[in-house]
Amino acid sequence: RAIVRDLDLLEAKNPVLKPQPSSIIDPTVFEKRFLKKIRELGEGHFGKVELCRYDPRGDKTGELVAVKSLKPESREEQGNNLSTEIEILKALYHDNIVKYKGICLDESGQAVKLIMEYLPLGSLKEYLPKYKSKTSLATLLSYATQICMGMEYLGTKNYIHRDLAARNVLLENERTVKIGDFGLTKSIKENDGYYVVKDENESPVFWYAPECLTQCKFYLSSDVWSFGVTLYELITYCDSSKSPMHLFLSMIGPTQGQMTVMRLVGALKEGKRLPRPEGCPEPVRNLLLMFSICEAIVNFRVKDQFQSLLG
Ligand code: ADP
Ligand code: MG
């Protein structure tokens, strides 16, 4: 008892010694030393995502999380981008958007990693070619509906995603998909309803609507065009020989850099579009064509049409 009294006394004199009640510990700050890498999950232009176990007790009972960081070569110029992505994802709550879990700081207290929930089945781009036989058209249309719901929510928050594609849609399980990768996402709040791109290098041009390519302007409805291209990817089960890039390139011939964009715009102006995928029902093809008239569509309420196709 004497020892306890001495300890209490010591704590009273030195408040820093007092153990912090656990509610004060911020559960969204992950300590680097407890993040144990298991394997790589994937990478895009700027970032890479790893599967890690957050294991403060060190007995492998900790939870699995997906950890996104910038590739070393993009750290300099893209450093800010990850913090923007973190701020955006942190404020999004929707069943069809990947869940934010927290951040991991470096020694100087800067956020260097984004911690998200781990979605074990990966992206549609990896999943669909593998599980083609057990994925019916009805399931694909249900994924499409869910993407619409996530995108509609994103629009209500005045964000344009700017990188909607099968590689950025993740599966929670065989029935549920979630939109991920908010690395190119921009707010249109202070921008007259559109965002003007400053740095167009590395843009996913084959997913982009004409106004994005010719004027570098992005509207909420520009995402609808990308959704059409994503729907095309779904219906082709992300077969790489039929990928939008592959098909557009065979349409316009092999080119590089700005020339690609110019020829792509030319082809789109002539009315050239991705072909109707094998086994794609007429109503879905009509929807696909409708998405390419993107100015005519202002939101993702088209989900109702998918639901009616689902019966
Ligand atoms: P980038 O900005 O580099 O494209 P993404 O956020 O798109 O990074 O992630 C790259 C890839 O990592 C995705 O295409 C997907 O395969 C995988 N991935 C990303 N987030 C998760 C996650 N939460 N769970 C499982 N796999 C993921
Ligand atoms: Mg990506």
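In this text the structure is predicted, and so the values were computed from the model without any measurement.

This part takes up the coordination of the magnesium ion (ligand 2). The protein atoms that coordinate the magnesium ion (ligand 2) are Asn168 (OD1) and Asp181 (OD), at distances of 2.1 to 2.2 Å. Separated by 13 residues along the polypeptide, Asn168 in the loop between strand S7 (159–160) and strand S8 (169–171) and Asp181 in the loop between strand S9 (177–179) and strand S10 (186–187) bring together distant segments of the chain. A relative accessible area of 8% means that Asn168 is categorised as buried.

Attention now goes to the side chain of Glu211. With respect to the element layout, Glu211 can be found in helix H5 (residues 210–215). For Glu211, the side chain forms a polar contact with the side chain of Ser222, separated by 2.9 Å.

A few words now on the site of ligand 1. The immediate surroundings of ligand 1 are formed by 20 residues, with Lys68, Glu117, Glu126, Arg167 and Asp181 found nearest. Here an oxygen atom of ligand 1 sits 2.8 Å away from a polar atom, N or O, in the main chain of Arg167. A distance of 2.9 Å separates an oxygen atom of ligand 1 from a polar side-chain atom of Asn168. The fraction of the free accessible surface of ligand 1 (550 Å²) that becomes covered by protein chains is 92%. Secondary-structure elements contributing two or more residues to the shell around ligand 1 are strand S2 (35–43), strand S3 (47–54), strand S4 (63–70) and strand S6 (111–117).

Okay, the packing of helix H6 (residues 220–235) against helix H9 (residues 282–291) next. Packing of H6 against H9 brings their axes to within 8 Å, and their N-to-C directions diverge by 150 degrees. As far as their axial angle goes, H9 and H6 are roughly antiparallel. Pair H6 / H9 crosses with left-handed handedness. Here H6 contributes Val224, Trp225, Phe227, Gly228, Leu231, Tyr232 and Ile235 to the contact with H9, which in turn contributes Val284, Leu288 and Phe291. In the contact of H6 with H9, the residues fall into nine nonpolar, one polar and no charged.

Membership of the largest hydrophobic core comes to 75 residues, with the highest contact counts inside it found for Leu89, Leu92, Leu124, Leu128, Tyr143, Ile147 and Phe306. Take this core: its biggest share by element is nine residues, from helix H4 (residues 137–156). Apart from the residues within four sequence positions on either side, Leu92 is in contact with Ile97, Tyr153, Leu154, Lys157, Tyr159 and Phe182. Counting nine residues, the second largest nonpolar core, distinct from the first, contains Phe30, Cys52, Tyr54 and Val65.

The full count for this structure, using the stated rule, is six aromatic pairs. Between Tyr194 and Tyr219, the ring centres sit 5.3 Å apart and the planes meet at 50 degrees, which makes this aromatic pair tilted. Of the two residues, Tyr194 is situated in strand S11 (residues 194–196) and Tyr219 in strand S12 (residues 217–219); the sequence distance between them amounts to 25 residues. Take Tyr219: its relative accessible area is 26%, and that puts it in the partly exposed class. Taking the centre distance of 6.1 Å and the plane angle of 15 degrees together, the rings of Phe206 and Phe248 count as stacked. Here Phe248 lies in helix H7 (residues 244–252) and Phe206 lies in the loop between S11 and H5, a separation of 42 residues in the sequence. For Phe248, a relative accessible area of 5% translates into the label buried. Three or more aromatic residues joined by ring pairs make a cluster, and in this case those are Phe30, Phe34 and Tyr54. The ring of Phe218 is capped by Arg162, whose NZ or CZ atom sits 4.4 Å from the centre of that ring. Taking NZ or CZ as reference, Lys217 lies 4.5 Å from the ring centre of Tyr194, over its face.

This paragraph deals with the confidence of the model for the protein. The pLDDT averaged across the protein works out to 88; a share of 91% of its residues lies at or above 70. Both scores are given for the predicted complex: the pTM is 0.88, the ipTM 0.99.

This paragraph deals with the pairing of S4. With six of eight residues buried, S4 lies mostly within the body of the structure. In this structure, S3 lies alongside S4, joined through eight bridges in antiparallel fashion. Bridge assignment links Cys52 to a residue of S4, and that residue is Val65.

This part covers H9. For an α-helix, 3.6 residues make a turn, and residues three or four places apart therefore share a direction. Within the sequence span of H9, burial applies to Val284, Arg285, Leu287, Leu288 and Phe291. Each buried residue of H9 sits inside an arc of 160 degrees when the element is viewed along its axis, so together they form one side. Lining the buried residues of H9 we find H4, H6 and helix H10 (303–310).

This part covers a nonpolar patch on the surface. A grouping of Ile3, Leu7 and Leu10 is seen on the molecular surface, where their side chains present a nonpolar patch of about 310 Å² in accessible area. Along the chain, the position of Leu7 falls in helix H1 (residues 2–13).

This part takes up helix H8 (residues 257–269). Between its first and last C-alpha, H8 extends 19 Å over 13 residues, near the 18 Å set by a 1.5 Å rise per residue. Within H8, burial applies to Thr260, Val261, Leu264, Val265, Ala267 and Leu268. One side of H8 holds all its buried residues, which, seen down the axis, span an arc of 160 degrees. Within H8, the exposed residues directed more than 90 degrees away from the buried face are Met262 and Lys269.

About the criteria used
Residues numbered from 1 in each chain as written. Chains lettered and ligands numbered in written order. Predicted model: local features only at pLDDT ≥ 70, side-chain atom pairs only at ≥ 80, totals over all residues. Heavy atoms only, no water. Donors = N, O, S within 2.8 Å, 3.2 Å for Na, K, Ca; no water. Helix = DSSP H or I, 4+ residues; strand = E, 2+ residues; numbered from the N terminus. Buried < 20%, exposed > 50% of the residue type's maximum accessible area, 1.4 Å probe, protein only. Polar contact = N/O pair within 3.5 Å; in protein donor to acceptor, adjacent residues only side chain to side chain. Near = heavy atom within 4 Å. Areas by Shrake-Rupley, 256 points an atom, 1.4 Å probe, with all protein chains shown as cover. Axes fitted to C-alpha atoms, helices over the stretch in contact; angles between N-to-C directions. Parallel < 35°, antiparallel > 145°, perpendicular 65-115°, else oblique. Left-handed = near helix turned anticlockwise from the far one by under 90°. Contact = heavy atoms within 4.5 Å. Nonpolar A, V, L, I, M, F, W, Y, C, P; charged D, E, K, R; others polar. Core = buried A, V, L, I, M, F, W, Y, C linked by side-chain atoms within 4.5 Å. Phe/Tyr/Trp six-rings, centres within 6.5 Å; stacked < 30°, edge-to-face > 60°. Lys NZ or Arg CZ within 6 Å of the ring centre and 35° of its normal. pLDDT = per-residue confidence, 0-100. Pairing = 2+ DSSP bridges. Arc of directions from axis to C-beta. Patch = residues over 30% accessible without salt bridge, like charges linked within 9 Å, V, L, I, M, F, W, Y side chains within 5 Å. Salt bridge = Lys/Arg side-chain N within 4 Å of Asp/Glu carboxyl O. Expected span 1.5 Å × (residues − 1).

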